[in-house]
Amino acid sequence: MQKLLPQWLRHYQRAWLGGDVSAGLIVAVLVIPQSLAYTLLAGLPPEMGLYASILPVVAYALLGSSMTLAIGPVAIAALMTASALQPLAIAGTTEYVQLAMGLALISGLMFMAFGALRLGWLAYFLSQPVVSGFVSGSAIVIALGQLKHVLGVSAPSSSTWATLQGLWRALPQTNLTTLALGGSSMLVLLLARRYLGRGLRRLGLGATAADLLARMAPIATVAVSTALVAWGHWDVSRQVAVVGSVPAGLPALAWVWPETRAWSQLLLPALLITLVGFVGSVSVAQSFALQRQQRIAPNRELWGLGAANVAAAFSGAYPVHGGLSRSVINFAAGAQTPLASIITAGFMALIVYFFASLFYFLPLAVLAASIMVAVATLVDVDTLKASWTYDKADAFSLLATAGGVIVLGVEAGILMGVALSLGVLVWRSSHPHMAVVGRVPGTEHFRNVERHAVQTVPGLLALRVDESLFFANATALEDRIEALVQADPAVRRVLLVCSAVNQIDATALGMLTALEQSLAARGIRLELAEVKGPVMDRLQATALGQRLQGRVFQSVHDAFVAG
């Protein structure tokens, strides 16, 4: 039986219990508004957000590798769920709910398949600028989509342009009471986020306690606004939109298996949700693991996230990932192991079972305000500035991804970002840095002749190429060598320095073979230096390798003194 238990539970220490219990209870209380808000964003019934914080949390706690990552509904997954399902069904309908559960199931199975294939390296498939652009663009789309709830009007959500047009036309019908509730909640949340923790610390409260109290601003805002609406019956007298009835009781476990037609329509959205969720979850998990000198296992994360999403599908929920804000609260509250998450799930189950009716008068405007404040921090201006200064190609990928998400939609935006990042990678590889090198006087070191005062050997052209040789850059290397040879008729030896060459593909091999023959016809020898072992092993079995016998040097220095 012990072998079936997760490692953290087999080696659990009594000293960890206090931190896990307190963190579990605090997270459960503080993420209630978040769970409801993100479900509103996904276009699903409110109880599904609460369900997503119960069984999926337990599943991840038993199989995941992070000690403090908190699983549950997150803004990006909710937006991607809405984006995937809105073209297929009407939000809130039974079909829409079933599709959301099917999306969670497909995503969960993909996570598990990637885990079985040990594809944890997928966490590094999306570049940071692409992820930053996707998140920033999504944050803007999310904020614009929530304005209708703050204003108390109806507006389409098929596209950003349609949303803006709908909001402009509906502006005269703004519900002033709803606007007052949403606007004041947004102001309170912004001020609390920026100043409350600092103010409490100045009053002598400890940093951890002050930060946790500051994070309770959303639950306090929800409680006050709900009480006001219930006291004045504003849902009837002033037409303030509220959450409404939330079914009491635990979610019923049900077998969910999408129809064949739904599978084909949900495969691409599920794949994108899986990739984005994995990258985001692993990034959050690693950041907290490093602070405690712990390690996470990406392949186990795939299994944990897969189990969480399968559990979500069978317990009436929708796709879940590791949430940054949840994990920050969990970590700050003293969580030591995933037991904290299991306690959170248990407390959420009690809330759903006994207190679901308390959410009836919760204004949608307040939930929308909490979403807008939460996603405001996701607009990553700092990464854009850093990328623009360091590498404008990455900055362009970031801007294009964000713009694609805003203008074309979530799926098209992230596909555009991935295509651009791969395009930049291919472009850079097809334009490798190449430098003519010479010897630093009195040493055996060789540097770029354009950057350093170095010595050269008459008749010897030593060219270092800082990239593997493959089909996209073979012609560029050939053109550079031909240009250098034509510029100096005295050249009798061309030395290709291969210290940075990790591979030579068939196209590059063919180019080198033809180049060696062409140079030989002009009385010029092609030589190689510092060829790596695996590359040399493959070259030796080729016609080029046979022709280069005695012309492959261990170092550039050996080639220089060979004469």
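Presented here is an overview of the structure given in this document. (Residues numbered from 1 in each chain as written. Predicted model: local features only at pLDDT ≥ 70, side-chain atom pairs only at ≥ 80, totals over all residues. Heavy atoms only, no water.)

The subject of this paragraph is the overall build of the chain. Per the secondary structure count, the chain includes 26 helices and eight strands. Along the first, second and third principal axes, the C-alpha set of the chain runs to 95 × 60 × 60 Å. The buried share among the 563 residues of the chain stands at 52%. A sequence separation of at least 24 residues applies to 80% of the contacts in the chain between residues at least 6 apart. On the chain, roughly 25900 Å² of surface is accessible, and the fraction owed to carbon and sulfur atoms is 63%. (Helix = DSSP H or I, 4+ residues; strand = E, 2+ residues; numbered from the N terminus. Buried < 20%, exposed > 50% of the residue type's maximum accessible area, 1.4 Å probe, protein only. Contact = heavy atoms within 4.5 Å. Areas by Shrake-Rupley, 256 points an atom, 1.4 Å probe, with all protein chains shown as cover.)

Further remarks concern the packing of helix α14 (residues 260-291) against helix α21 (residues 410-430). α21 packs onto α14 with a crossing angle of 60° between their chain directions and a minimal axis gap of 11 Å. The pairing of α14 with α21 is recorded here as oblique in orientation. At the point where α14 passes α21, the crossing takes the left-handed sense. Residues L268, P269, L272 and V276 of α14 form the contact with α21, whose participating residues are E411, I414 and L415. The residue makeup of the contact of α14 with α21, split by class, is six nonpolar, no polar and one charged. (Axes fitted to C-alpha atoms, helices over the stretch in contact; angles between N-to-C directions. Parallel < 35°, antiparallel > 145°, perpendicular 65-115°, else oblique. Left-handed = near helix turned anticlockwise from the far one by under 90°. Nonpolar A, V, L, I, M, F, W, Y, C, P; charged D, E, K, R; others polar.)

This paragraph deals with helix α20 (residues 392-408). The end-to-end C-alpha distance of α20 is 23 Å, a good match for the 24 Å that 17 residues give at a rise of 1.5 Å each. Where α20 is concerned, the buried positions are A395, S397, L398, A400, T401, A402, G404 and V405. Residues of α20 that are buried sit in contact with α8 (128-151), α19 (381-390) and α21. Capping the start of α20 is the job of one residue whose side-chain oxygen sits 3.0 Å from the backbone nitrogen of A393: D391. Trailing α20 by a residue or two, G409 shows a phi angle of about 120°, which is positive. (Expected span 1.5 Å × (residues − 1). Polar contact = N/O pair within 3.5 Å; in protein donor to acceptor, adjacent residues only side chain to side chain.)

What follows covers the sheet that holds strand β8 (residues 552-553). Adjacent strands of a sheet form backbone hydrogen bonds with each other and so pair up, either parallel or antiparallel. As summarised here, the arrangement of the six strands in space is β4-β3-β5-β6-β7-β8, forming an open sheet in which the pairing is mixed. Here the strands that pair on one side only, and so sit at the sheet edges, are β4 (446-448) and β8. As defined by bridge partners, strand β6 (residues 493-497) adjoins strand β7 (residues 525-529) across five bridges and the pair is classed as parallel. Counted as the bridge partner of V494 is L526 from β7. Helix α22 (residues 474-487) rests against β3 (434-439), β5 (460-465) and β6 of the sheet, and its axis sits at about 155° to β5. (Pairing = 2+ DSSP bridges.)

Okay, the nonpolar core next. L44, M80, F134, I142, Y318 and L367 are the most contacted members of the largest nonpolar core, which totals 92 residues. In terms of residue count, α14 provides more of this core than any other element does, 14 residues in total. With residues up to four places along the chain from it excluded, the contact list for M80 reads F134, L272, I273, V276 and V410. L477, V501, I524 and L548 belong to the second-largest nonpolar core, a separate cluster that totals 30 residues. (Core = buried A, V, L, I, M, F, W, Y, C linked by side-chain atoms within 4.5 Å.)

This brings us to the pairing of β6. Among the five residues that make up β6, five are buried, leaving the element largely enclosed by the rest of the structure. Alternating positions in β6 separate into two faces, R493, L495 and V497 on one and V494 and L496 on the other, with burial throughout. The pairing of β5 with β6 spans five bridges and is classified as parallel. Its bridge partner being in β6, L460 is matched across the sheet by R493.

Mapped onto the fold, L88 is located in the loop between α6 (75-85) and α7 (94-116). As a C-alpha pair, L88 and L99 span 11 residues in sequence and 8.5 Å in three-dimensional space. Excluding residues within four positions of it along the chain, L88 makes contact with E95, L99, Q265 and L266.

This brings us to the pattern of salt bridges. Counted by the stated rule, this structure contains eight salt bridges. Here D391 and R428 are joined by a salt bridge, their closest N and O atoms 2.2 Å apart. Placement of the pair is D391 in the loop between α19 and α20 and R428 in helix α21, with a sequence separation of 37 residues. What makes D391 buried here is its relative accessible area of 18%. Given the relative accessible area of 33%, R428 is considered partly exposed. Across the salt bridge formed by R525 and E527, the nearest N and O atoms sit 2.8 Å from each other. Take R525: its relative accessible area is 38%, and that puts it in the partly exposed class. Assessed through its relative accessible area of 0%, E527 is described here as buried. Here the salt bridges do not stand alone but share partners, grouping D391, D394 and R428 into one network. (Salt bridge = Lys/Arg side-chain N within 4 Å of Asp/Glu carboxyl O.)

This part is about the packing of α14 against helix α15 (residues 298-314). Running from N to C, α14 and α15 point in directions that differ by 120°, and their axes come no closer than 11 Å. On the basis of their axis angle, the class for α14 and α15 is oblique. Both α14 and α15 take part in a crossing whose hand is right-handed. Counting all contacts with α14, which are made through F278, S281, V282 and A285, the residues of α15 involved are P298, E301, L302 and L305. Here the residues of the contact of α14 with α15 sort into six nonpolar, one polar and one charged.

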